[in-house]
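Overview (structure and organization)
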Amino acid sequence: MSTGNRTTGDGVAVHGVGTSHFGRQPERDLVALAWDAVREAFTDAGVEEVDAAWVGTVFGPAGVAQRVLRAMGITGIPVVTVENACASGTTAFAEAHEAVRTGRYGRVLALGIEQMTTAFAGAITPEDTDPEGRSGLALPALYAMAAARYLHLGAATREQLAAVSVKNHAHALHNPRAQYGGRHTVEEVLSSRMIADPLTLLQCCPTSDGAAAAVLGPATGGAREVAVRGVAMRSGAPWNHTSQHVWGHDIVRDTAADALAAAGVHAVSDVDVLEVHDAFTIGEIVTTEALGLVAPGGGGEAAASGRTALGGAHPVNPSGGLLSRGHPLGATGLAQIAEITWQLRGEAGARQVDGARIGLVETMGGGVSVLDGNACVVALLEAP
Amino acid sequence: MAVVDHLEDSVPHPITVDPRPQVERGPDGLRRVTGRRCRSCGEVAAYTWPRCPSCRDAVEQASFGPDGTVWSATVVRIPVPGRTPPYALAYVDLDDGPRVLAHVRAPVDAATATAPAIGSRVRLAACSADGDIQVEVLA
Ligand SMILES: [Zn+2]
């Protein structure tokens, strides 16, 4: 890695991050969850105020962003609420980043909030105005069909699917804010209750409440600043009978290519640590392949062999990922940003990836209805 | 009276447009999905959307089916609002037509429920009472 004559970064840095605990917290409201995240991010950044805020939430009621921020004395500034399915938090980050990069605002808060336990009794189903939602396609079933396709093609085995769950639950044992970690065996994962064939309970993310935040500002070379190397966002192209890959593959591949180009990073193999969208085990397998971190059909083997585990060549989801940290939709993207920020500063404790210099965050979400995902955001960050 | 009418109008209407692909039974007794084909690139869709989702060019009405091939399938075993698990779902590539999400009509109980094998040949069946597209596996 080069040190002198620094040419990396695009002039924007993450100055501070913060999160709430992740888990079922129906007894806490979004004000309390957001306060945990914002207070920590402001303290981390050493600031008292921001010039604007972007807030990501999927199921939050109208006006929730302003109401949450008002409770902590953040009023009067421009506040924009964004919804981009599971990528809502990283969309808030991408927009906050662009606002700083272009000089529109000096210091910007990106906040993600979600309370799932009060919105859903179980799995998320797209709304009734969506063809798939009206047809009863709960989201686990969508990922299950991708997994079934992988099994059919011999691109993964059931044991490799389970290995993703084993890995990420083990990672989460070292994350005190994770919803639940655990030392599971492949057999335990496979014998847990079937949700949608072939995905079992331990292969599905839990219902979570939480908040996460980042304070962005111009890069000043500060000792704890994490530089933004590049950010990209896309919505999905049509996904249909002509698609060569399972749902969600191509949007990740294309967004990652944009982000790598923006960052001036030649290959994703130059990345030291990744937080990616693993709402279901098959999601991490497809994503690591789409990112180009592993060869097509190599995602399952990478998890099973430990290559994407802590201690492996390219650790993926050291936080425990969505599977184990939890998946409060709007908060997830900024929880990923927080984890990578801690990793690049060397502050990740027992789950630290030694010497991590470049980190990648990827979030992708949405339903189908002839779309390869509603949105994907990929961001590349670099250590101070 | 105007005030009363106004108050009555303030009650939300239920959603009356069904977003699911529409299935029609032809004179030959077989069922087909009514959708659109792009006049420019030939892309097909199971919906009556005004433009081609691939190239944005003009579309014309087309019908697809009655048969197709299972791209992938699963059995949903968790409660979903308004539905009783387990039930089988499949993405079906209709012959020369689009990919549609369909329920697989079969005797399903928790003990024996299985999804049709990928590659299975299926045929559009009558929609469910609630309007879901259904297919049955061809022998
Ligand atoms: Zn077209």
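Throughout what follows, the structure given in this document is the object of discussion. Source: prediction; values computed, not measured. (Residues numbered from 1 in each chain as written. Chains lettered and ligands numbered in written order. Predicted model: local features only at pLDDT ≥ 70, side-chain atom pairs only at ≥ 80, totals over all residues. Heavy atoms only, no water.)

1. Describing helix H1 (residues 30-45) of chain A
Each α-helix winds once per 3.6 residues, and so residues spaced three or four apart point in a common direction. Between its terminal C-alpha atoms H1(A) stretches 22 Å, which fits the 22 Å expected from 16 residues at 1.5 Å a residue. Among the structural elements, strand E1 (12-19), helix H2 (64-70), strand E4 (108-115), strand E7 (209-218) and helix H12 (329-345) of chain A are those in contact with the buried residues of H1(A). (Helix = DSSP H or I, 4+ residues; strand = E, 2+ residues; numbered from the N terminus. Expected span 1.5 Å × (residues − 1). Contact = heavy atoms within 4.5 Å.)

2. Focus on the nonpolar core
Nonpolar side chains in soluble globular proteins generally cluster together in the buried interior. Counting residues in each nonpolar core, the largest one holds 68 residues, and the members touching the most others are Leu274(A), Ile282(A) and Tyr91(B). For this core, the element with the most residues is helix H5 (residues 139-153) of chain A, which contributes nine residues. Other than its neighbours up to four places away in sequence, Leu274(A) contacts Val268(A), Leu291(A), Leu293(A), His314(A), Pro315(A), Val316(A), Asn317(A), Pro318(A), Ile340(A) and Leu360(A). (Core = buried A, V, L, I, M, F, W, Y, C linked by side-chain atoms within 4.5 Å. Buried < 20%, exposed > 50% of the residue type's maximum accessible area, 1.4 Å probe, protein only.)

3. Quick look at the coordination of the zinc ion
Residue and element names in this part refer to chain B. Within the protein, Cys38 (SG), Cys41 (SG), Cys52 (SG) and Cys55 (SG) serve as the donor atoms for the zinc ion, at 2.2 to 2.4 Å. One way to put it: the four donor atoms around the zinc ion meet at angles of 100 to 118°, and that makes the site tetrahedral. All donor residues of the zinc ion come from one chain, and their arrangement in sequence is C-x2-C-x10-C-x2-C. The class for cysteine 52 is buried, based on a relative accessible area of 4%. (Donors = N, O, S within 2.8 Å, 3.2 Å for Na, K, Ca; no water. Tetrahedral: all angles 85-135°; square planar, octahedral: opposite > 155°, others 65-115°.)

4. A closer look at the pattern of salt bridges
Summed over all chains, the structure comprises 29 salt bridges over all chains. One salt-bridge network, in which partners are shared between bridges, spans Arg134(A), Asp18(B), Arg20(B), Arg83(B), Asp130(B) and Asp132(B). (Salt bridge = Lys/Arg side-chain N within 4 Å of Asp/Glu carboxyl O.)

5. Observations concerning unusual backbone geometry
Both trends apply: most residues other than glycine have a negative phi, and most peptide bonds are in trans. In the segment running from Gly65(B) into Pro66(B), the intervening peptide bond is cis, with an omega of 10°. In this model, Pro85(B) is joined to Pro86(B) through a cis peptide bond whose omega is -5°. Examined against the element boundaries, Pro86(B) turns out to sit in the loop between strand E5 (67-76) and strand E6 (87-94). Phi angles above zero are rare outside glycine, and Asn317(A) is one such case at about 60°.

Without other data, these values stay purely geometric and don't point to any function.
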